[in-house]
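One-letter residues, chain by chain:
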Amino acid sequence: MKRKSRFGINNLPRGTQVEKSTEMKENVEDGRASIYQSVISNTSKEMTCFSDFPMPEDFPNFLHNSKLLEYFRIFAKKFDLLKYIQFQTTVLSVKKRPDFSSSGQWEVVTESNGKEQRAVFDAVMVCSGHHILPHIPLESFPGIERFKGQYFHSRQYKHPEGFEGKHILVIGIGNSASDIAVELSKKAAQVFISTRHGSWVMSRISEDGYPWDMIFHTRFSSMLRNVLPRTILKQMMDQQMNQWFNHKNYGLEPQNKYLMKEPVLNDDLPSRILYGAIKVKSRVKELTETSAIFEDGTVEENIDIIVFATGYTFSFPFLEESLVKVEDNMVSLYRYIFPPHLAKSTLACIGLIQPLGSIFPTVELQARWVTRVFKGLCTLPSERTMMADIIKRNEKRIDLFGKSQSQTLQTNYIDYLDELASEIGAKPDFLSFLLKDPKLAVKLYFGPCNSYQYRLVGPGRWEGARHAIFTQKQRILKPLKTRALRESSNFSLSFLLKILGLLAVVVAFFFQLQWF
Ligand code: NAP
């Protein structure tokens, strides 16, 4: 049956040019990740940068994708990395050499400009990501074959041009669904967002206007999340998440409120719902030629377009299946990195993970550990121990984040970073810092757990780490200081009241003395 789909069709803007500085591809390429033009990071610059290279002071706190690319370019230049990168090269296969059990070596076949090449490598890191293959569960949408409108996966979406006046149904409530629904709702006649389980929606802006992750990811709050009884934690989370707006009133409340599922970070979604530009709907039960029937029996007519923002799946077509087997969007890797059954630990997957915090400090620590394993400076436990760890970790993951396909790679943030750092001796010891540098110890425990913390001790220690920790507030505020303000006097009203109060006490005391 021929389906009317927008797969493979690009919704290019008519007559608009891609900004040169972004260098973002307008066309969607098979086998490569694809983003929409407006994507802005949902982790802040101070929590996203690599551990020995803070982002430039004047960079905004949440980065447009072009700015993030600029950071990578500056980073690569600073550390002279480009000479090691072979661009425009496809890896066709990675296979064990016949003498693998003694050498641990791999034969890698690549293709570049139509030419195949073979080379032998002592070790391989697979860093191909998990946001390339679209997960589009058409089987869960009875009637899709009858639907006369267009439908496509969120990875096909680039910008809102061409969607003017349409009735659009967005499926899912991850960050892609929310970003796309918000953007389209400014052009479309009506946007509906259909969610089966709901989600917590958070603002990027937290206490005192600081980025959310600087407040959320502290060792202190992580410790509380680990030690407090579940019932108390559940109540705290419910209260915290509903501080901005009541999720129940907006139809967004998660079905299982107590899972630590990745939240949506979107400052505009609640207001677009409040304006009626986006309407939240339940799971789609069935589609007809022109309408969507929802689980609660409601029907929305005249749907023109369906966007499946239903996430991703992943595979490793260049690896033999036995090396890294993907089953139900899950892999069995020790600490999300090492296949446990290899005679030599010379293969590692980097970034096959979805941490609750920023991915960059996470993959950096993964790479720091992996390179030491490759060099023989760190050893892995037995296959049996690794398998037991994988099983236990998976059970814990389901308990914390649930069984949903979007959560198969979900991990805690600080706990995982500390675990990796412990492997290489880079985890800062709070107690020893409390004795020798108490000011820093307080920052380490109560301040944001940024990547610099993992450069204070151990291999790869960076002299600038302490300074970077103490100057991060400066880098956060710098891009906001775009309007010169007169230095306001520190003499605040509350200060004035305190002085007056003190004066009153002194005067009363004086009169009392006179009385006697
Ligand atoms: P995602 O987080 O995996 O979300 C997929 C959504 O589709 C979930 O709401 C899921 O619902 C729903 N879904 C899946 N199968 C479904 C089905 N059969 N029927 C109905 N709903 C279904 O995917 P994503 O939003 O594309 O995000 C991928 C990653 O990129 C995430 O880590 C995200 O944070 C990141 N991202 C970041 C930004 C940013 O930084 N601004 C923007 C976009 C994406 P359930 O949860 O109920 O399964």
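Being a predicted model, the structure only gives us computed values, none of them experimental. (Residues numbered from 1 in each chain as written. Predicted model: local features only at pLDDT ≥ 70, side-chain atom pairs only at ≥ 80, totals over all residues. Heavy atoms only, no water.)

Engineer: Describe in detail the overall build of the protein, supporting the description with residues and values.
Structural biologist: When helices and strands are counted, the protein shows 16 helices and 19 strands. Relative to the compact-globule value of 24 Å for 516 residues, the protein shows a C-alpha radius of gyration of 26 Å, a close match. Considered along the principal axes of its C-alpha atoms, the protein spans approximately 105 × 65 × 50 Å. Counting across all 516 residues of the protein, residues that qualify as buried make up 46%. Restricting the contact set of the protein to residue pairs at least 6 apart, pairs at least 24 apart contribute 67%. Counting every atom, the protein has about 28000 Å² of accessible surface; 54% of that belongs to carbon and sulfur. Of the charged side chains in the protein, 66 are positive and 54 negative; the average position of the first set lies 3 Å away from that of the second. (Helix = DSSP H or I, 4+ residues; strand = E, 2+ residues; numbered from the N terminus. Rg over C-alpha atoms; globule rule 2.2 N^0.38 Å. Buried < 20%, exposed > 50% of the residue type's maximum accessible area, 1.4 Å probe, protein only. Contact = heavy atoms within 4.5 Å. Areas by Shrake-Rupley, 256 points an atom, 1.4 Å probe, with all protein chains shown as cover. Lys, Arg positive; Asp, Glu negative; His and termini not counted. Charge placed at Lys NZ, Arg CZ, Asp CG, Glu CD.)

Engineer: Give me the lowdown on the packing of helix H6 (residues 219–227) against helix H11 (residues 414–424), citing residues and values where you can.
Structural biologist: Between H6 and H11, whose axes approach to 10 Å, the crossing angle comes to 105°. The angle between H6 and H11 places the two elements in the roughly perpendicular class. Contact residues: H6 offers Arg219, Ser222 and Asn226, while H11 offers Ile414, Asp415 and Asp418. The residue inventory of the contact of H6 with H11, partitioned by class, reads one nonpolar, two polar and three charged. (Axes fitted to C-alpha atoms, helices over the stretch in contact; angles between N-to-C directions. Parallel < 35°, antiparallel > 145°, perpendicular 65-115°, else oblique. Nonpolar A, V, L, I, M, F, W, Y, C, P; charged D, E, K, R; others polar.)

Engineer: Give me the lowdown on the pattern of salt bridges, citing residues and values where you can.
Structural biologist: What the rule picks out here adds up to 20 salt bridges. Here Arg455 makes a salt bridge to Glu364, at a shortest N to O gap of 2.9 Å. Taken together, the positions of Arg455 in the loop between helix H13 (438–446) and helix H14 (465–470) and Glu364 in helix H9 (residues 359–375) put the pair 91 residues apart, joining distant regions of the chain. The class of Glu364 is buried, set by a relative accessible area of 13%. One network of salt bridges, in which partners are shared, links Arg335, Asp389, Arg393, Glu419 and Glu423. (Salt bridge = Lys/Arg side-chain N within 4 Å of Asp/Glu carboxyl O.)

Engineer: Could you give me a rundown of a positive patch on the surface, with the residues and numbers involved?
Structural biologist: Taken together, the side chains of Lys439, Lys443, Lys473 and Lys481 define a basic patch exposed on the protein surface. Judged by relative accessible area, which is 63%, Lys481 ranks as exposed. (Patch = residues over 30% accessible without salt bridge, like charges linked within 9 Å, V, L, I, M, F, W, Y side chains within 5 Å.)

Engineer: Which residues make up the site of the ligand, and what values go with them?
Structural biologist: As a structural note, the neighbourhood of the ligand is formed by 28 residues, with Ile40, Ser176, His197, Lys261 and Ser404 the closest of them. Between Asn42 and the ligand, the recorded distance is 3.1 Å, taken from a side-chain N or O atom to an oxygen atom. At 2.6 Å from an oxygen atom of the ligand is found a side-chain nitrogen or oxygen belonging to Ser404. If the ligand stood free it would expose 910 Å²; the protein chains cover 88% of that surface. No other element matches helix H4 (residues 175–184), which puts three residues into the shell around the ligand. (Near = heavy atom within 4 Å. Polar contact = N/O pair within 3.5 Å; in protein donor to acceptor, adjacent residues only side chain to side chain.)

Engineer: With reference to specific residues and values, describe the packing of H9 against H11.
Structural biologist: Axis separation between H9 and H11 bottoms out at 9 Å; the angle between their running directions is 25°. The orientation of H9 relative to H11 falls into the category roughly parallel. Seen from above, H9 lies across H11 with left-handed handedness. Across the interface between the two elements, Pro361, Thr362, Leu365, Gln366, Arg368, Trp369 and Arg372 from H9 touch Tyr416, Leu417, Leu420, Ala421, Glu423 and Ile424 from H11. (Left-handed = near helix turned anticlockwise from the far one by under 90°.)

Engineer: Lay out the side chain of Ser451 with the relevant residues and their values.
Structural biologist: With respect to the helices and strands, the residue Ser451 is situated in the loop between H13 and H14. A polar contact of 3.0 Å, which involves the side chain of Ser451, links it to the backbone oxygen of Cys49. Leaving out residues up to four positions away in the same chain, Ser451 has contacts with Cys49, Phe50, Ser51 and Pro361.

Engineer: Summarise the nonpolar core; cite the residues concerned and give the values.
Structural biologist: Membership of the largest hydrophobic core comes to 37 residues, with the highest contact counts inside it found for Ile337, Phe338, Leu365, Trp369, Leu380 and Tyr454. Element by element, the count of residues in this core is highest for H11, at six residues. Residue contacts for Trp369: discarding those within four places in its chain leaves Tyr334, Arg335, Ile337, Phe338, Cys378, Leu380, Leu420, Glu423 and Ile424. One finds Val182, Val191, Val201 and Ala309 within the second-largest nonpolar core, a separate group that totals 27 residues. (Core = buried A, V, L, I, M, F, W, Y, C linked by side-chain atoms within 4.5 Å.)

Engineer: Report on the packing of aromatic side chains, specifying residues and quantitative values.
Structural biologist: For any two aromatic rings, the description comes down to two numbers: the centre-to-centre distance and the angle of the planes. In the structure shown here, the tally under the stated rule is 29 aromatic pairs. With 6.2 Å between their ring centres and 75° between their planes, Phe50 and Phe360 make a pair best called edge-to-face. On the criterion of sequence distance, the pair formed by Phe50 in the loop between helix H1 (45–48) and helix H2 (65–78) and Phe360 in helix H9 is long-range, its members being 310 residues apart. By relative accessible area, which is 12% here, Phe50 ends up buried. Considering the side-chain rings of Tyr157 and Phe163, the 5.9 Å spacing of their centres and the 55° angle between planes classify their relative orientation as tilted. We classify Tyr157 as buried; its relative accessible area is 0%. Taken together, the aromatic side chains of Phe50, Phe53, Tyr71, Phe72, Phe75, Phe79 and Phe360 make up a single cluster linked through ring pairs. Note that Lys78 overlies the ring of Phe79, its terminal NZ or CZ placed 5.8 Å from the centroid. (Phe/Tyr/Trp six-rings, centres within 6.5 Å; stacked < 30°, edge-to-face > 60°. Lys NZ or Arg CZ within 6 Å of the ring centre and 35° of its normal.)

Engineer: Residues and numbers for a nonpolar patch on the surface, please.
Structural biologist: Side chains of Leu82, Tyr84, Ile85 and Phe87 sit close together on the surface and give an oily, nonpolar patch of about 470 Å² of accessible area. In this structure, Ile85 sits in the loop between H2 and strand E1 (90–96).

Engineer: Report on the sheet that holds strand E3 (residues 115–121), specifying residues and quantitative values.
Structural biologist: Judged by pairing direction, the sheet is antiparallel, and its three strands sit side by side in the order E1-E2-E3 without closing on themselves. Whereas interior strands pair on both sides, the edge strands pair on one side only; in this sheet they are E1 and E3. Taken over all neighbouring pairs, the strand axes of this sheet differ in orientation by 20° on average, direction set aside. In this sheet, E3 lies alongside strand E2 (residues 106–112) in antiparallel orientation, the contact comprising seven bridges. Along E3, the bridge assignment pairs Glu107 with Val120. (Pairing = 2+ DSSP bridges.)

Engineer: Tell me about the confidence of the model for the protein, residues and numbers included.
Structural biologist: Summary statistics for the protein give a mean pLDDT of 90 and a share of 91% for residues scoring 70 or more. Across residues 1–22 the pLDDT falls below 50, and counting only partners more than four positions away or on other chains, this stretch makes 43 contacts in the model. (pLDDT = per-residue confidence, 0-100.)

Engineer: Could you give an account of the state of the cysteines, naming the residues involved and the relevant values?
Structural biologist: The full count for this structure, using the stated rule, is zero disulfides. Cys49 carries a free sulfur, and the closest cysteine sulfur to it, the one in Cys449, is 12 Å from it. On the basis of relative accessibility, which here comes to 0%, the residue Cys49 falls in the buried class. The thiol of Cys349 is not disulfide-bonded; the next cysteine sulfur, from Cys127, is found 8.5 Å away. (Disulfide = S-S within 2.5 Å.)

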